[in-house]
Amino acid sequence: MSSSSGLLANELKCSVCMDVFTDPVSTPCGHNFCKSCLNQCWDNSQNCYCSFCKETFNVQQMIQDKNKKIQDIIYFTELGKKSTEREKAASAELFSDLMRSIERCLADLLEMMEEKQKAAVKQVIQELQQEITELKMRNTELDHLLHTEDHLQLLQIDPSLCSPPHTRNWPEISMDTDVSVETLRRALTQLQETLDQKLSQTVKRMQQYAVDVTLDPDTVHPILILSNDGKQVRHGDIEHGVPDYPERFDKCASVLGKEGFLSGRFYFEVQLKGKAGWNLGVARESINRKGKIRVSPQNGFWVLGLWNENEYWACTDVLLSLRMKPQKVGFFVDYEEGLVSFYDVESRSHIYSFTAQSFTIRICPYVCPFSNDTGKNSAPLIISPVNYNE
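Residues numbered from 1 in each chain as written. Predicted model: local features only at pLDDT ≥ 70, side-chain atom pairs only at ≥ 80, totals over all residues. Heavy atoms only, no water.

The chain is annotated in an unreviewed UniProt entry as Bloodthirsty-related gene family, member 5 from Sinocyclocheilus grahami.

In structure tokens:
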């Protein structure tokens with residue numbers, strides 16, 4: 001313990017004053033000094049150099065480098081602002097379209113209710129007019145018989161002519177103007193179709209951020225079989241003899257993508273045909289690769305999973321209800337917004353999103369094909385190219 005403490009104390013000392021750092025600064029070569037000590041050394045010399053390794057620096061080159069870095073930051077900030085403005089405009093347009101669709105559905109529904117009421121009133125009036133006409137005709141016949149002198153004709157009249165006519169009890173009649181369940185179903189179906197169309201446009205917008213994902217053989221669990229091109233992975237039942245790298249999974253049969261992302265947006269798709277179980281999504285590059293793993297945002301995982309052939313989960317605690325079984329899932333990440341979204345590519349529908357997440361280090365694609373399950377789950381997971389025309 002005393003040896004470790006001594007090393008730590010030496011690491012915290014300035015090599016000029018041999019005391020603990022005061023207002024520490026670093027030189028381009030990576031060595032640390034008190035700010036005042038370094039300024040004193042440079043003030044007493046025509047050249048700027050490292051007091052530890054004696055490497056000489058150019059003060060003009062350093063200024064130029066700093067200025068270039070500032071310009072780069074300004075450039076990428078402005079670029080990000082423009083991209084954000086475009087996304088905001090597209091989102092505003094999407095929600096405006098949805099609001100217009102809802103307003104049209106409501107207007108159509110109200111118009112349909114009004115037309116139904118008019119039709120009901122018209123039907124009642126027609127029935128009343130028909131009864132009035134029949135009563136007038138009977139009244140005319142009875143009036144004619146009243147003035148006839150043909151007594152034989154009076155004996156031959158239909159007895160029903162003298163009976164009160166059958167009429168409806170109008171005071172008890174109410175007009176049914178309620179909107180039927182079928183009418184509401186049609187309106188909701190139309191709205192759902194509109195929403196699906198808008199979501200399809202959203203997926204197309206996500207696809208413009210598609211990246212080429214390749215799975216990393218240095219991280220793959222020994223029991224998994226990775227294709228030569230790094231695009232497919234499946235469970236192999238038998239562990240292979242591979243080096244036990246620090247970055248390799250040793251208990252959880254998983255693999256990470258080679259590509260990692262520290263900023264911006266990215267999108268990729270995975271084919272799931274023939275799979276009865278899997279975990280897919282993204283994970284922090286710093287996740288624990290050794291021992292048992294629980295996939296959760298707290299542990300650095302943002303994952304969608306299929307268990308027991310028909311149970312869909314977001315990580316391990318959110319059970320999802322899907323209208324259909326997805327055959328291909330799209331994964332979209334917005335690093336700055338802290339957003340991870342999953343989409344059913346074929347139906348162009350949204351599955352689930354993790355929002356308001358905090359990303360501070362590199363994020364990588366994460367793939368886990370699960371065990372073969374005696375052949376029920378032997379199909380591979382495939383990183384598939386993005387088809388913008390689907």
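Alright, that's what it looks like, and here's the rest.
What follows concerns the overall build of the chain. Regarding its fold elements, the chain presents five helices and 17 strands. By residue count, 33% of the 390 residues in the chain fall in the buried class. When contacts within the chain are restricted to residue pairs at least 6 apart in sequence, long-range pairs at least 24 apart make up 62% of them. By element, 53% of the accessible surface of the chain is carried by carbon and sulfur atoms, the whole surface being about 24600 Å². (Helix = DSSP H or I, 4+ residues; strand = E, 2+ residues; numbered from the N terminus. Buried < 20%, exposed > 50% of the residue type's maximum accessible area, 1.4 Å probe, protein only. Contact = heavy atoms within 4.5 Å. Areas by Shrake-Rupley, 256 points an atom, 1.4 Å probe, with all protein chains shown as cover.)

What follows concerns the environment of Pro243. Its location among the elements puts Pro243 in the loop between strand E6 (232-235) and strand E7 (255-256). For the pair Pro243 and Pro222, spaced 21 residues apart in sequence, the C-alpha separation works out to 9.0 Å.

This part is about the pairing of strand E15 (residues 349-354). As judged from the five bridges shared by strand E14 (residues 339-344) and E15, these two strands associate in the antiparallel manner. Looking at E15, one finds that Ser341 is bridged to Ser353. Hairpin geometry of E14 and E15 is characterised by an intervening segment of four residues between the two adjacent antiparallel strands and by a positive phi of about 55° at Arg348. (Pairing = 2+ DSSP bridges.)

It is worth spelling out the environment of Lys376 at this point. Structurally, Lys376 is set in the loop between strand E16 (363-368) and strand E17 (381-384). In the structure, Lys376 is positioned 101 residues away from Lys275 in sequence and 7.6 Å away in space, judged by C-alpha atoms. Apart from residues no more than four positions distant in its own chain, Lys376 is found in contact with Gly274, Ala276 and Glu309.

The subject of this paragraph is the sheet that holds E14. The seven strands are arranged E5-E6-E17-E8-E13-E14-E15 in an open sheet whose pairing can be described as antiparallel. At either end of the open sheet lies a strand with only one pairing partner, and these are strand E5 (224-226) and E15. The mean inter-strand angle of the sheet, taken between neighbouring strand axes irrespective of direction, is 20°. (Axes fitted to C-alpha atoms, helices over the stretch in contact; angles between N-to-C directions.)

The pairing of strand E10 (residues 301-307) with strand E11 (residues 311-314) spans four bridges and is antiparallel. By the bridge assignment for E11, Leu304 is matched with Ala314. Hairpin remark: E10 followed by E11, antiparallel, with three residues in the connecting loop; positive phi at Asn308, about 55°. Where E11 and strand E12 (residues 318-320) come together, three bridges link them in antiparallel fashion. Bridging across to E12, Ala314 finds its partner in Val318. If you look at the hairpin formed by E11 and E12, you'll find three residues sitting between the two strands, and Cys315 has a positive phi there, around 55°.

This next bit is on the side chain of Ser341. On the secondary structure map, Ser341 appears in strand E14. For Ser341, a relative accessible area of 2% translates into the label buried. Within the structure, the side chain of Ser341 is placed 2.5 Å from the side chain of Ser353, a separation counted as a polar contact. With residues near it in sequence (within four places) discarded, Ser341 still touches Gly330, Phe331, Phe332, Tyr352 and Ser353. (Polar contact = N/O pair within 3.5 Å; in protein donor to acceptor, adjacent residues only side chain to side chain.)

Attention now moves to unusual backbone geometry. Backbone geometry places Met18, a non-glycine residue, at a positive phi of 60°. Here Met18 lies in the loop between helix H1 (2-11) and strand E1 (24-26). The phi dihedral of Cys315 falls on the positive side, at around 55°, and the residue is not glycine. Here Cys315 is to be found in the loop between E11 and E12. Under the relative-accessibility criterion, Cys315 is labelled buried at 2%.

With respect to topology, six strands assemble into an open sheet ordered E7-E16-E9-E10-E11-E12, the strand pairing being antiparallel. This sheet does not close on itself; its edge strands, each paired only once, are E7 and E12. Note: E7 against E16, two bridges, orientation antiparallel. Counted as the bridge partner of Leu256 is Tyr366 from E16.

This paragraph deals with the side chain of Ser349. Residue position: Ser349 is located in strand E15. Polar contacts involving the side chain of Ser349 include one to the side chain of Ser347, which spans 2.6 Å.

To continue, consider the pattern of salt bridges. This model, assessed by the stated rule, comprises five salt bridges. Notably, a salt bridge pairs Lys231 with Asp212, separated by 2.4 Å at the nearest N-O pair. Of the two residues, Lys231 is situated in the loop between E5 and E6 and Asp212 in the loop between helix H5 (181-207) and E5; the sequence distance between them amounts to 19 residues. For Lys231, a relative accessible area of 17% puts it in the buried group. As a salt-bridge pair, Arg265 and Asp334 come within 2.8 Å of each other at their nearest N and O atoms. Of this pair, Arg265 sits in strand E8 (residues 265-271) while Asp334 sits in strand E13 (residues 328-334), and the two are 69 residues apart along the sequence. (Salt bridge = Lys/Arg side-chain N within 4 Å of Asp/Glu carboxyl O.)

On to the packing of aromatic side chains. By convention here, two paired aromatic rings are described through the distance between centres and the angle between planes. Within this structure, the stated rule accounts for 12 aromatic pairs. Ring geometry for Phe342 against Phe354: centres 6.0 Å apart, planes inclined by 80°, an arrangement best described as edge-to-face. Here Phe342, found in strand E14, pairs with Phe354, found in strand E15; they are 12 residues apart in sequence, far enough to count as distant. No difference in accessibility class separates Phe342 from Phe354, as the two residues are buried. Three or more aromatic residues link up through ring pairs in this structure, and these residues are Phe268, Phe331, Phe342, Tyr352 and Phe354. (Phe/Tyr/Trp six-rings, centres within 6.5 Å; stacked < 30°, edge-to-face > 60°.)

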